[in-house]
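These are the residues of each chain, in order.
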Amino acid sequence: MSNISGKYAVVGVGETQVGKRPEATTNSLHIEAIRLCLEDAGVDASEVDGLLTNQPLTDAHRSYAVRLAHMAGIDPSYATDLALGGATPIAMIQNAVMAIEAGMANYVVCVHARKRATPDPTPGYPIRSGDEHWEQPWGHFSAVANHAFAATRHMHEFGTTSEDLGQIAVSTRKHACMNKNATMQKPMSIEDHQNSRLIVEPLHLFDCSLESDGGAALLVTSMERARDLPRKPVQVLGMGQHHPHSSVMDAPTLTTLGSRKSSEAAYHMAGLGPKDMDFAQFYDCFTITTLITIEDYGFCGKGEGKDFIKDGRIEVGGDIPVNTHGGLLSQAHLEGIMHVTEGVKQLRGNAVEPERQVQGAKAGVISGHGGSLCMHASLVLGVQ
Amino acid sequence: MSKPEAHDKRGRAAPRNEPFLAEVEAQPFWDNLKEHKLTVQRCNVCGSYFNFPPQAMCAKCLSSDNEWVPVSGKGTVYSFVTYHRAWHPAYQDQIPYNVSLVDLDEGPRLVSNVIDIPPEDVKVGMAVEVVFEDHEGYTLPKFKPSG
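Our subject in this report is the structure included herewith.

Rules of the game
- Residues numbered from 1 in each chain as written.
- Chains lettered and ligands numbered in written order.
- Predicted model: local features only at pLDDT ≥ 70, side-chain atom pairs only at ≥ 80, totals over all residues.
- Contact = placed C-beta atoms within 7 Å.
- Helix = DSSP H or I, 4+ residues; strand = E, 2+ residues; numbered from the N terminus.
- Pairing = 2+ DSSP bridges.
- Buried ≥ 20, exposed ≤ 12 C-beta atoms within 10 Å, placed from the backbone.
- Axes fitted to C-alpha atoms, helices over the stretch in contact; angles between N-to-C directions.
- Parallel < 35°, antiparallel > 145°, perpendicular 65-115°, else oblique.
- Nonpolar A, V, L, I, M, F, W, Y, C, P; charged D, E, K, R; others polar.
- Expected span 1.5 Å × (residues − 1).

Thoughts on the interface of chain A and chain B
Here is step 1: At the junction of the two partners, chain A supplies 34 residues and chain B supplies 36 residues.
Here is step 2: Of all elements in the fold, only α4 (142-158) and β5 (198-201) of chain A reach the threshold of two or more residues within the side of chain A that touches chain B.
Here is step 3: Sorting elements by how many residues they give to the side of chain A that touches chain B places α4(A) first, with seven residues.
Here is step 4: Two elements, β5(A) and strand β3 (residues 74-83) of chain B, share two bridges in a ladder whose sense is antiparallel. The residue of β3(B) that forms the bridge with Val200(A) is Tyr83(B).

A few points about the pairing of strand β4 (residues 97-104) of chain B
Residues and elements named next belong to chain B.
Here is step 1: The buried fraction of β4 amounts to six of the eight residues, a majority that puts the element mostly inside the structure.
Here is step 2: As judged from the eight bridges shared by β3 and β4, these two strands associate in the antiparallel manner. Residue pairing in the sheet places Ser79 in a bridge with Leu101 of β4.
Here is step 3: Alignment of β4 against strand β5 (residues 109-112), held across four bridges, turns out to be antiparallel. Opposite Val102, over in β5, you have Leu110 as the bridge partner.
Here is step 4: Linkage of β4 to β5, two consecutive antiparallel strands, is achieved through a turn of four residues, within which Gly107 is found at a positive phi near 125°.

Description of the packing of helix α5 (residues 162-176) of chain A against helix α9 (residues 287-296) of chain A
Residue and element names in this part refer to chain A.
Here is step 1: Where α5 contacts α9, the axes come no closer than 9 Å and their chain directions differ by 95°. As far as their axial angle goes, α9 and α5 are roughly perpendicular. The segment α5 lies against α9, with Leu165, Ile168 and Ala169 engaging Thr287, Ile288, Thr290 and Leu291.
Here is step 2: Split into classes, the residues belonging to the contact of α5 with α9 amount to five nonpolar, two polar and no charged.

Section: helix α3 (residues 88-101) of chain A
Residue and element names in this part refer to chain A.
Here is step 1: Taking 1.5 Å per residue, 14 residues should reach 20 Å; α3 reaches 20 Å between its end C-alpha atoms and fits that length.
Here is step 2: Most of α3 is tucked away, with 12 of its 14 residues classed as buried.
Here is step 3: Three or more residues of α3 are buried, namely Thr88, Pro89, Ile90, Ala91, Met92, Ile93, Gln94, Asn95, Ala96, Val97, Ala99 and Ile100.
Here is step 4: After α3 finishes, the residue Gly103 shows a positive phi value of roughly 80°.

Structure (structure tokens):
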């Protein structure tokens, strides 16, 4: 076990109400999340000396982190924007740990918010993905189509079906229905999934995540400082990243992703493996992402995901509950930061609705996935 | 060529349907296509073919000595999808349409369209060959089943 494992902890989480927030702005959602997080942690903004964020997709800044810090009353000695798409929230926690270990900060806020369900009253300039010049002239747009390429390949190589992907959407919806702060509250059947319209075949509407307004924040500090704070500290046990290609055009394969090596690194640092995990919060921009991640994180062999996900195995009460908050598919799409806050809350043991609490959870694994299936970050969290 | 809008009503980058002909490193690609030649970048030092998008230096040896060389135009479908929704009005009356990842025999992969057959007949591993689709001011490489 690496000596950094377990030395730092998440001591506060804040989650705004998600869904449609027409009154809010991108800025106000970020600040609301920070305020809720600091209230939860019992730490004053004046004590916070680090802030990490993600550049808002619709409002790129030279340094959003510095702007945000000063809007929230924080005077940072460490601040930056990270840019790994949906892997960013986990990368923020990892960078917070590294900054504190390096002596650059003591309390680091990690925050992300999105304003995608309702128009932002003050839109800025959008960030480009980087591949559009080589996609759009052929009518190729959007993340759903790149993930549909992966789904076509997975179906070709392993016989996975659209109904198999539907099972992931159905199980995730069940969890959303147990979460008061989830956008989707109506149960889904495989039939509902199959009847939902095709967006980019083979993916249906119910294979796709939501467009959401909302935000979340986490506070990271040392275990030493955490002992003086009110919340049960949730320790960072393992961290990993891998970014094996930069677009679908240079991807050696679309059925094994950065998730394989990234998770191996995180398990190695934690000295734990998939069998030790009590839950998994897996980035689910599309159902196929969850399926590939379950395989790459070692819960079953490559190509076996379609059978593994059946019979409630990935639901609360099953072998490895996945996305106990309802995920990007049915709770809200905030680039995965609520996968991290959900992991922390599950490990606190008393912070979620009792029906979706994983009983006796001691360790869990969280994934973040970004870009055209090219960025990946992993986090193993645990409690003593 | 129409000027792209900065963003749509939810702040996302607005899509467009024409090539970005001003991309400096890609200019030989578009110029050669006008003459119905499909070319890719190859390193003059280590002989590696470059992946798309075009770039100034070889990713294998970092040499900046490279040239655009003709390829056979033959390739294989690595994966494909069928669009049932148009992200740009220009595609509204084309749905459902195919978009494929085509692995050229020489190695580089292109995003393109397999045409001349219904989208449901496109298969992974299908052998395809290039066809040139002329537009006003530019030519797009597309693919049809070989033979």
